[in-house]
Amino acid sequence: MKECVDRVVVAGAVFDRGRLLAARRSAPPELAGRWELPGGKVEPGEGGPEALVRELREELGVEVEPCERIPGEWPLKPGYVLRVWTARVLSGEPRPLQDHDELRWLSRRDWDSVDWLDQDVPAVIEAVRRL
Ligand code: DCM
């Protein structure tokens, strides 16, 4: 049967000492080179914050604590929506282990210095307001 409910992709606006973490995608080809808030698909039966903790452990090798949901929901490819939580690093130093080839910590002043995925921009703007 066709799915009628959108699948949720969660992403983290990870803060540390007044900076926001940006991650450059290495795949798929149509997204490679663009920057995003790191995250991924929520698995069936999983909660959003729980999925975010798992995804950032897998992709960046860090333990994070989700803090606050940024209000709103943004459409991705058909059948997917993006939800974003702010988060802080509890342990580890983020490294690009999967899906990314570079990470960068951005300040309030230089948040716009990378080529963000269009769909991430509204959440990034909200996140930067909270820095
Ligand atoms: N995605 C996005 N913005 C994010 C995180 C993910 O647009 N901050 C998109 C890219 C993929 C899909 O969501 O099309 C699933 O992400 P992933 O491939 O990381 O699981």
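One structure accompanies this document, and this report is about it. Small disclaimer: the values here were computed from a predicted structure and weren't measured.

Looking at the overall build of the chain
1) Next: Per the secondary structure count, the chain includes 2 helices and 7 strands.
2) Next: Walking the chain from its N terminus toward its C terminus, one meets helices and strands in the order β-β-β-β-α-β-β-β-α.
3) Next: Computed over its C-alpha atoms, the radius of gyration of the chain comes to 14 Å, within 12% of the 14 Å expected for a compact globule of 131 residues.
4) Next: When the backbone C-alpha atoms are referred to their principal axes, the chain occupies close to 45 × 30 × 30 Å.
5) Next: Pairs at least 24 apart in sequence give 67% of the contacts found in the chain among residues at least 6 apart.

Digging into the site of the ligand
1) Next: Close to the ligand lie 16 residues, the nearest being Arg25, Glu36, Leu37, Gln119 and Asp120.
2) Next: For the ligand, a nitrogen atom lies 2.7 Å from a polar atom in the backbone of Leu37.
3) Next: A distance of 2.9 Å is found between an oxygen atom of the ligand and a side-chain nitrogen or oxygen belonging to Gln119.
4) Next: In the complex, 89% of the free accessible area of the ligand, which totals 440 Å², lies under the protein chains.

Brief notes about the packing of aromatic side chains
1) Next: In the structure shown here, the tally under the stated rule is 0 aromatic pairs.
2) Next: The ring centre of Trp85 lies 5.4 Å from the NZ or CZ of Arg69, which sits over that ring.
3) Next: The ring of Tyr80 has Lys77 lying over it, and the distance from NZ or CZ to the ring centre is 4.7 Å.

Describing the pattern of salt bridges
1) Next: A complete count under the given rule lists 17 salt bridges for this structure.
2) Next: The salt bridge partner of Arg19 is Asp16, with a shortest N-O separation of 3.5 Å.
3) Next: Judged by relative accessible area, Asp16 falls into the partly exposed class, the value being 21%.
4) Next: With a shortest N-O distance of 2.6 Å, Arg83 and Glu73 are connected by a salt bridge. In this pair, Arg83 is assigned in strand β6 (residues 80-91) and Glu73 in strand β5 (residues 63-75), connecting sequence segments 10 residues apart.
5) Next: You can call Glu73 partly exposed: its relative accessible area is 38%.
6) Next: In this structure, a network of salt bridges that share partners links the residues Arg24, Asp101, Glu102 and Arg104.

Considerations on the environment of Glu65
1) Next: Following the sequence through the fold, Glu65 ends up in strand β5.
2) Next: Judged by its relative accessible area of 32%, Glu65 is partly exposed.
3) Next: Each C-alpha atom of the pair Glu65 and Leu52 lies 8.9 Å from the other, and the pair is 13 residues apart in sequence.
4) Next: For Glu65, the contacting residues outside a window of four places in its chain are Thr86, Ala87, Arg88 and Leu90.

Cut-offs used in this document
- Residues numbered from 1 in each chain as written.
- Predicted model: local features only at pLDDT ≥ 70, side-chain atom pairs only at ≥ 80, totals over all residues.
- Heavy atoms only, no water.
- Helix = DSSP H or I, 4+ residues; strand = E, 2+ residues; numbered from the N terminus.
- Rg over C-alpha atoms; globule rule 2.2 N^0.38 Å.
- Contact = heavy atoms within 4.5 Å.
- Near = heavy atom within 4 Å.
- Polar contact = N/O pair within 3.5 Å; in protein donor to acceptor, adjacent residues only side chain to side chain.
- Areas by Shrake-Rupley, 256 points an atom, 1.4 Å probe, with all protein chains shown as cover.
- Phe/Tyr/Trp six-rings, centres within 6.5 Å; stacked < 30°, edge-to-face > 60°.
- Lys NZ or Arg CZ within 6 Å of the ring centre and 35° of its normal.
- Salt bridge = Lys/Arg side-chain N within 4 Å of Asp/Glu carboxyl O.
- Buried < 20%, exposed > 50% of the residue type's maximum accessible area, 1.4 Å probe, protein only.

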